[in-house]
Structures are given as structure tokens and as C-alpha cells.
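This is what each chain is made of:
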2 protein chains.
Amino acid sequence: MKSFFNPHSVAIFASMKEGKTGYEIVKNMVEGGFKGEIYPINRNAGEIFGQKIYSEFGNLDISLAIIAIPEQFIPSLLKELGEKGVKSVVIISAGFSEVGNIKEEEELKNVAKKYKMRIVGPNCAGIMNTNCNLFASIEVRALLGQTAFITQSGALGGVVLMMAEELGFGFSKFASYGNRCDVDEIDLIKYLENDSQTRVIAIYIEGLIKGREFLIQTKRIVSKKPIIVIKAGKSKAGMRATSSHTGSLAGEDKIYDAAFKQAGILRVDNVSEMFDLSRGLIDYPNIKGNRIAVVTNSGGPAVMTTDKLEELGLVVPEPSERLKNKLKKILSPNVSLGNPFDLLAYGDAENFASTCEAIAPEYDAIIAIFVPTSFMDSTKIARALGEVKKKINKPIFGSFMAGILVKEGIEELKKYGIPNYEIGERCAQVIQKIYLQSYKNY
Amino acid sequence: MKSFFNPHSVAIFASMKEGKTGYEIVKNMVEGGFKGEIYPINRNAGEIFGQKIYSEFGNLDISLAIIAIPEQFIPSLLKELGEKGVKSVVIISAGFSEVGNIKEEEELKNVAKKYKMRIVGPNCAGIMNTNCNLFASIEVRALLGQTAFITQSGALGGVVLMMAEELGFGFSKFASYGNRCDVDEIDLIKYLENDSQTRVIAIYIEGLIKGREFLIQTKRIVSKKPIIVIKAGKSKAGMRATSSHTGSLAGEDKIYDAAFKQAGILRVDNVSEMFDLSRGLIDYPNIKGNRIAVVTNSGGPAVMTTDKLEELGLVVPEPSERLKNKLKKILSPNVSLGNPFDLLAYGDAENFASTCEAIAPEYDAIIAIFVPTSFMDSTKIARALGEVKKKINKPIFGSFMAGILVKEGIEELKKYGIPNYEIGERCAQVIQKIYLQSYKNY
């Protein structure tokens, strides 16, 4: 798989007219700053984004070929590429098994086999590696990050990239594998297992073909890095839709669910949860117990977070008498010494930090909820929490809530590896999922 | 309650130094463009934001008084105001029952009773009426909208206003009633019942004192306009926290839950759900059945939405043979004629519109999921859906997904009264809640 993600040269076979697929890919590759050679290939030679368009690829040394020409011309192009020794091909074009053209897809497979060529696709959205600025896709360029995202659905891949851009969420690798006539999710996760730039693997699947093998591999990999799965096609109507639109058999969802659990895969329901959990796992792959503390400058949001934590089976226990006495000495007299620890409106950076430090030995994770006020500097509070995090060796999650007043504070949290969630309830969901998974490993 | 929300003059008793409460309130009132008189009152006379600061209020005609002076000076000020005939007072200052000063709060009540004065607060975040630009609060000014939001927790009120600002979500009225020494949620909802600018009432409560009365009133009001409740203090730890921070008794959550259901109140778990549901209810107060259609240009997101719909007990049934035949004539041959109706990547404005129009008679609501592509104009699709909505008389919900490419499309949907949700799963949640409530009314 190496030449898919770290090619020294990329040839793009597609229309180079403005707005067409080839044009968009070359644009992404050039503007993204790809470090190797870019070869736009089209019989209408010329120039595009400062790159020469080649009318034939005869002498070019092609490490990765991206194909987006009409489906009927693909088999013969594949053969030519095979003859020239090209081993890695991404087929973006649709028009194969997803619309009933099973035979045509078989033909692709046969060519690939004959030439020991590997194919990603067809009917996919391409691949990206943010570490070498490879953006072989028409989709929004991914930001640099530590989550690899692989997806069966190309359209969903596009949506995820757009949502991520708005959130400032980055990726190490991106791959849309479409109809998976050859390269499938198993090949991809085995590659990502040893990719040092990837700390979390996230997958969107609609159905598995080699289910047993997938579970064997994931079970091994999750001991090294967490795997998050969004599996669509849970309901009957959903399954019906899945089988119609990618031709894959969705299968009974309960079976998937049980198998995922057994393999140690973290299942989420939707894309938002995937982002939330991913951000948590990058900073905290493990949470060793279920005793959670909530520290806040505002009662209401803390109560709702506490409700959610307990609803999810975590506990929000009161501090010991010894700890209460300790807190009495550091906090002002009106402060509630229960959990949630409500520092009230005058809870400042010093209060947040000293409370977290004092309570850390009795809890397994801390949620710091900060409701901004015009007189309190969120950056200071973020910095204080960051410094405390270094000392206590316990996970701290942020919930700096909404608005322009906390924007800088959230950026500051990021620098210290503290993930922030707009509402505390989402922190709770992330903590529960990480804890349940960690629990099995201890 | 009229003089609280439609005062002809507002006096503000507070420190007018830069950054202090009085300063912020006057700033909000002036910049917000309040249509009546503004009287900043402080013994350090002078000027602020072009307004004269009065050192005493002797001859002023005060319709509403906002008080944010230290708690110990409040009772005597209240008496003076009472003597002058001021009937409506908002006390922002804290330091009463929430920190154990029960007697001091009793005194406020007694003064109010004596002078037939009504008090909102103490320990609250103030009130707003966007229809007359009344922003008697230090919080972010609400945008104009049709949802009234009332909250026991002032801090939570601030958070809601900030989140709303980021979402572009507006309010008709806002009131934070804090310790509710006098005016409570019942007074407020009875006022809002007849407020023509309010179409949805949303409430954040931690505990009720007059539970029976609240339920009698809400049961009556929901036949006119929907009521959404966020009730914190569900879990044991949450209840413990609630009783410590506002001094109200949270009570067993199950009892609340059952009572809310019986009264026809829509309960949500958090602030995000409140925004989602509110936006849905403004356009569609009723959904008459549980048969939902999903129309999309992208398989993956549609499958996940379908899963969610069925998980929530709604159905996503296949169209009749008759309808299938009808669709065959209007759509291109590759299009799947099942539900979800997947128009594939080339689904354009015309396809979306003709599909929605054709299927409307067989379904109770339609979710239109649009995944943007660079070659498809989201505004056109929005407009086409908007025009169809006028014809079919069935609710259409949008899920135009993420990114700069759909920003204008979402604005266009808004003009036609089609609420949009970033992911289809959130549409599903809103539809379920509205349907379950409507169901009882038929």
C-alpha cells in the first residue's frame, strides 16, 4: 500500500477542462503542495496550474495512477498501465457494480490480478496523505491531523472532510475505497496499523464481505491504536437502502454489533460522534476507572453533565472528608464542596487549577466546565488547566462553552492536549466510550 | 407582566464603571436600540453611552427597575421604589437563598407584597424582548426570533444566548428568573401564552415548587403553542448538585418525566436538542403520521438517517407500485425507486422537486438530504424545495450537509420555512418528538 500513500509521482487520467474531475484533482495536488511529480494526462495536451498536460504516458515513471475517465475506456487503460509496470491505481469513475455492471467490475479485477496491480475503487472519492501533501481527490483538502479516515461511501467521505474543515479537525490519511473491487478495509487498516502518523483509525462501512478476517485483524490492531466504526444499515429500511446503493450485503445489525464489541472496536452512531470520540482518543487512549469529577464555574451545565454521566453508567461520587477539608483551605467559603465542584461565578484560573490538582487522586477523569463571563480570561484558565494536567497524570476534558469569549481559550487547551466539547454531555459520551474500552484492557 | 417586557422606561441601579454590570447593561440597552427611556442611576453622576447618569431617581417615571447593587443595600432601595409606585423590578444581584441567606430573600418577598410590586430574581441574568429592543441584561443580545426562552439558571441562560448567536438562532423573549422569590415559571408561561411574537416556549428548570399548578397551566397552553423543557437534576448526583446550587428540591426524576408527558410537554436532554426541536416546531407544530420519506443525492448519509428514523420508532416504507411507476417516468433509469429515494450524484433541483411532489401523498414528512458537489448549486435546490413545499402541504426538512458550498442554500431554505440540520439523524430526532406530540392531538 505504500505507493498509494507515499507515491513519488502521480498521474491523473481525466478531463482537464475547468470544473471537471481532472482539473479539480490537479488543482488540489498543486495547491496542496504535493512533494513529488504531478502528471496530468489527456489527449488534449496543454498546461494546467503550471503543469504540462501529457497526451500520452509512454515514458513517464508513474508511481500512482488516478483514473477518472468514462467507465468504458478503463479496462484498456488498465492493461496499458499494467504493461508499463504501474502497480497502484485509484479508479474514481463510477458505473460498475453499484449500478449493476458486475461483469465490467470483474474485468477490472482480472486485469489487476494479471499485472499484480492494486486498485482502490472504482466509484470512490480518492485518497489523501496530509504528511506528504498528497490530495488525489476532488474533495476538500484535509487538514493535518492524527486520525485516519477510510470510507466505503465517497459522498460520505466528502461530507466528513467538509465538516472536519469547519471544525478544524485534521486527518493523517484519507481513503475512499468505493466498490472495493480489490483494496478493501482490511488492506487499509493493516497499512494504518504501522503508520506512525496515525493514532486513531476511523472507518465508515455499510457492509463487510470478509467479516471474520476483519474482526481478527481489528482485534489485534486495537491493542496498538483504537478503531472507531460507523456502520450504516442498522434498520431494515437502512439495510434495504444499503444493498441497493453499493451492492453490499448489510447483514443483521445485531451480529455486527456483538462482533464489534468482541473485537474491541468503538462503534459510534454518526459522524459528529466520530469527531468527538476521535478527539478524545488522541489525547487519552485510556481511562482507567469510572469515577468522574466535574469542576465548574456554573451550576446548570454541570448538573446536566452529571445527569448524562450517571445515565451512561459512570459515577460522580462525593469527595472524601479528607479531601473536603483540604478544599476548604484553598477555596472561598461559599463554594460547594460536593461533586460537581461548583466554584461559582468567581471561579478563576487559580481556583480551577488548585481544585483539579487537589481532587485528582480520588477521580479517574475530570471535566472542567467553564461558562465565559466578560471579566474572566478563558486563556488564563486554559493555561492553568494545561499546567495542572502535566502534574496530575489524569485525563482532563474541557467544556469551555460557546461564544467568542472562549475561542482563544479553546485554542490554548488544544496546545496542552485537552480536548474541548461545546456541551459537557458530549464529554460524558466520549469518556464512557473510552472507559468501557479501556476497562477490558486492565 | 407587561411592564417587564414592554416598559416605557428602564432604570438601572448599578455600578457604571467600565466593565461593571451597570455599564454592560446600559451598553446593551443603548447599542440594542431600546425604544423607551434609559435611566442609569448611580450616586457617581455623569454620562454613559450618551445617557445622563442620575444620582437619584426622585422624579423619574420608572416603568421597570433593574437592580445590580450589593445585596445588603437592596431591601432599602426596594422600599424607596415601592413608595414611588414602581411595580416591576429585576434583581440581578446574587447573595440570597442560593448561598443560604434565606431570611434576606424573605425580606425581598415581604417588601414586594407590601407594595404590590413584582420581582424577577434575585440571582438572575435579566430579561430581553427583541421586539422592542429591550436588553436588560449583561448577556449577549438575543437575535430576533419566535422562541421564548426562560431559565432558572442565569449562567445557563448566558450559554444559551451565546450558542444561539453562533447558530443564528433568535428569540422573541428571554427571561432568567434565578431564585424566583416572586415571579416564577408559571407567571412567565402564562404571559407568553398570549404573546403573539412567541410561537414556541422553551424552559430550563432544575426543580418546580408549584408542580401541580405548572402542569395544569402547561396542559392548557400546549394546545396553543408547544412547550419544550430541559429539566436538569435527573441523576442522584445531579439532584444533589441542584439542591446545593439553587436551593430548590429536584425531586424524583421519573415523576417529572411522567408528568411532563401527561401535560404534553416536549422534554429534551440538552441545549442543542432544544435548538433543534425549536427550529422544527416553528415551521411544523404538527406531523400527522409516522411514514417518513428520505430523498437524497447521496446513499451513505441517507442510510444513517433511515437507521435513526427506524430506531426511533418511525417508519421508512417503500412507495406503492403506482408511485414507483410514476417516478420511473420522471427520473433517470439508474435511480433507486425505493425509500430512501437516492437520486445519485446527478440529482438536481428538478429531480429533488419532482420527487418530493410525487411522493408527498404517500408520506407524512420528507427529509431532503443534499450532499454538496462543486457542480450543483445548493441555492437552486433549496428554492425548488421551497416552491414544492407550498404545493404539497407536507413538512419538508432539510439536511444540506456541511461546508461553504451549502451556506447560501441553507439561507434560502430558511426563507421558505424549511429548517435545516447538519446531519439527517438530528432531523429524525426532531420529527419523532413532534410526531409523538401531535399524535396525541388527533
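In what follows, the structure referred to is the one given above.
Per chain, residues are indexed from 1 in the order of the written sequence. Chain letters and ligand numbers both follow the written order, the letters beginning at A and the numbers at 1. Local features are withheld for residues below a pLDDT of 70 in this predicted model, meaning they are given only at 70 or higher, and side-chain atom pairs are given and counted only at 80 or more; totals for whole chains, interfaces and linings count all residues. The side-chain numbers reported here are obtained from all heavy atoms of the structure, hydrogens and water having been left aside.

Some details on the relation of the copies chain B and chain A
Okay, step 1: Each copy is superposed on the other by least squares, with the fit set by C-alpha atoms of residues at a pLDDT of at least 70 in both. Structural alignment of chain B on chain A gives an RMSD of 0.0 Å, achieved by rotating through 180° and translating 0.0 Å along the axis. Classification of the inter-copy transformation places it as that of a two-fold axis.
Okay, step 2: The contact definition used throughout considers only heavy atoms, calling two residues in contact when any of these lie within 4.5 Å. Here 100% of the contact residues of chain B are again contact residues in chain A; the copies associate through an equivalent surface.

Points about the packing of aromatic side chains
Okay, step 1: Centres within 6.5 Å make a pair out of two Phe, Tyr or Trp rings, where for Trp the six-membered ring is used; the pair is then stacked when the planes are under 30 degrees apart, edge-to-face when over 60, and tilted otherwise. Throughout the structure, instances matching the rule amount to 26 aromatic pairs over all chains.
Okay, step 2: Ring geometry for Phe149 of chain B against Phe171 of chain B: centres 6.3 Å apart, planes inclined by 45°, an arrangement best described as tilted. Taken together, the positions of Phe149 of chain B in strand E10 (residues 143-151) and Phe171 of chain B in strand E11 (residues 170-176) put the pair 22 residues apart, joining distant regions of the chain. Residue Phe149 of chain B shares its accessibility class with Phe171 of chain B, and that shared class is buried.
Okay, step 3: Each member of the aromatic cluster is reached from another via a ring pair, and the members are Phe149, Phe169, Phe171, Phe174 and Phe275 of chain A.
Okay, step 4: In our convention, an over-ring charge means Lys NZ or Arg CZ found within 6 Å of a ring centre and within 35 degrees of that ring's normal. The ring of Tyr421 of chain A carries the charged tip of Arg279 of chain A above its face, separated from the ring centre by 4.4 Å. Comment: elements are numbered from the N terminus, with helices defined as DSSP H or I runs of at least four residues and strands as E runs of at least two. Between buried and exposed lies partly exposed: a residue is buried under 20% and exposed over 50% of the maximum accessible area for its type, with that area taken using a 1.4 Å probe on protein chains only.

Some thoughts on the environment of Ser399 of chain B
Residue and element names in this part refer to chain B.
Okay, step 1: Among the structural elements, Ser399 can be located in strand E18 (residues 396-400).
Okay, step 2: Judged by relative accessible area, Ser399 falls into the buried class, the value being 0%.
Okay, step 3: Spatially, the C-alpha atoms of Ser399 and Pro301 are 9.5 Å apart, while their sequence positions differ by 98 residues.
Okay, step 4: In contact with Ser399, not counting residues within four places along its chain, are Ala368, Ile369, Phe370, Asn420, Tyr421, Glu422, Ile423, Gly424 and Cys427.

Thoughts on unusual backbone geometry
Backbone phi values are negative for most residues with the exception of glycine, while trans is the configuration of most peptide bonds.
Okay, step 1: Pro122 of chain A follows Gly121 of chain A through a cis peptide bond whose omega is -5°.
Okay, step 2: For Pro122 of chain A, the location among the structural elements is in the loop between strand E7 (118-120) and strand E8 (126-129).
Okay, step 3: The omega torsion of the bond from Asn339 of chain A to Pro340 of chain A falls at 5°, within 30 degrees of zero and hence cis.
Okay, step 4: If you trace the backbone, Pro340 of chain A turns up in the loop between helix H12 (321-330) and strand E16 (341-342).
Okay, step 5: Positive phi outside glycine occurs at Asn123 of chain B, with the angle close to 60°.

With respect to the packing of helix H3 (residues 74-83) of chain B against helix H4 (residues 102-114) of chain B
Each pair of packed helices can be summarised by the angle the axes make with each other and by the distance between the axes.
Residues and elements named next belong to chain B.
Okay, step 1: To get an axis, a line is fitted to the C-alpha atoms, and for a helix only the part in contact is used. The angle between two axes follows their N-to-C directions and goes from 0 to 180 degrees. Remark: H3 packs on H4, axes separated minimally by 10 Å, with the N-to-C direction vectors making an angle of 5°. The angle between H3 and H4 falls in the class roughly parallel. Facing H3, whose interface residues are Ile74, Pro75, Leu78 and Lys79, H4 presents Glu107, Leu108 and Val111.
Okay, step 2: Following the grouping adopted for this structure description, the nonpolar residues are Ala, Val, Leu, Ile, Met, Phe, Trp, Tyr, Cys and Pro, the charged ones are Asp, Glu, Lys and Arg, and the polar ones are all others, Gly among them. Looking at the contact of H3 with H4, its residues break down into five nonpolar, no polar and two charged. An angle below 35 degrees is read as roughly parallel, one above 145 as roughly antiparallel, one from 65 to 115 as roughly perpendicular, and any other as oblique.

As for the interface of chain B and chain A
Okay, step 1: Taken together, the contact between chain B and chain A spans 57 residues of the former and 57 residues of the latter.
Okay, step 2: Put simply, buried area is the surface a 1.4 Å probe can reach on two separate parts but cannot reach once they are joined, added for both. Where chain B abuts chain A, roughly 4100 Å² becomes buried across the two surfaces, and 62% of that area is made up of carbon and sulfur atoms.
Okay, step 3: A side-chain nitrogen of Lys or Arg and a carboxyl oxygen of Asp or Glu constitute a salt bridge if their distance falls within 4 Å. In this structure, the connection of chain B to chain A is made through two salt bridges.
Okay, step 4: A salt bridge links Lys407 of chain B to Glu166 of chain A; its shortest N-O distance comes to 2.8 Å.
Okay, step 5: For the side of chain B that touches chain A, the secondary structure elements donating two or more residues are helix H5 (154-167), strand E13 (227-231), helix H8 (236-246), helix H10 (271-283) and helix H11 (299-311) of chain B.

Observations regarding the pairing of strand E12 (residues 200-205) of chain B
Residue and element names in this part refer to chain B.
Okay, step 1: Counting buried positions over the six residues of E12 gives six, a clear majority of the element.
Okay, step 2: Residues Val200, Ala202 and Tyr204 of E12 are buried on one face, and the alternating residues Ile201, Ile203 and Ile205, pointing to the opposite face, are buried as well.
Okay, step 3: When DSSP finds two or more bridges between a pair of strands, those strands are recorded as paired. Alignment of E10 against E12, held across five bridges, turns out to be parallel. From the neighbouring strand, Ile150 faces E12, where its bridge partner is Ile203.
Okay, step 4: Note that the unit made of E12, helix H7 (residues 211-221) and E13 has a crossover that is right-handed. With the strands pointing away from the viewer, any crossover whose connection runs clockwise from the first strand over the helix to the second is right-handed.

Concerning the pattern of salt bridges
All names here are of chain B.
Okay, step 1: Taken as a whole, this structure holds 46 salt bridges over all chains when the rule is applied.
Okay, step 2: Lys234 serves as the salt-bridge partner of Asp269, at 2.7 Å between the closest nitrogen and oxygen. Remark: Lys234 occurs in the loop between E13 and H8 and Asp269 occurs in the loop between strand E14 (266-268) and H10; sequence separation between them is 35 residues.
Okay, step 3: On the basis of relative accessible area, Asp269 is assigned to the partly exposed category, the value being 30%.
Okay, step 4: The shortest N-O distance in the salt bridge between Glu311 and Lys308 comes to 3.6 Å. Placement of both Glu311 and Lys308 in helix H11 is noted, with a separation of three residues, approximately one turn of the helix.

Topic: the sheet that holds E18 of chain B
Residue and element names in this part refer to chain B.
Okay, step 1: If you trace the four strands from one edge of the open sheet to the other, you get E16-E15-E17-E18, paired in parallel fashion. At either margin of the open sheet sits one strand with a lone partner, and together these are strand E16 (341-342) and E18.
Okay, step 2: Of the strand pairs in this sheet, strand E17 (residues 365-370) and E18 are connected by five bridges, and their pairing is parallel. Along E18, the bridge assignment pairs Ile366 with Ile396.

Some thoughts on the sheet that holds strand E9 (residues 134-136) of chain B
Residue and element names in this part refer to chain B.
Okay, step 1: Taken in spatial order, the seven strands of this open sheet run E9-E8-E11-E10-E12-E13-E14, and their pairing is mixed. Of all strands in the sheet, those bounded by a partner on one side alone are E9 and E14. Neighbour to neighbour, the strand axes of the sheet diverge by 25° on average, direction disregarded.
Okay, step 2: Pairing of E10 with E11, which is carried by seven bridges, proceeds in the parallel orientation. Each residue of the ladder has a partner; that of Ile150, found in E11, is Ala175.
Okay, step 3: Seen against the sheet, H10 touches E10, E11, E12, E13 and E14 and runs at an angle of roughly 175° to E13.

Regarding the environment of Thr355 of chain A
Okay, step 1: With respect to the helices and strands, the residue Thr355 of chain A is situated in helix H13 (residues 349-359).
Okay, step 2: Sequence-distant contacts of Thr355 of chain A, that is, excluding residues within four places in its chain, are made with Val295, Leu327, Leu331, Phe341 and Leu343 of chain A.

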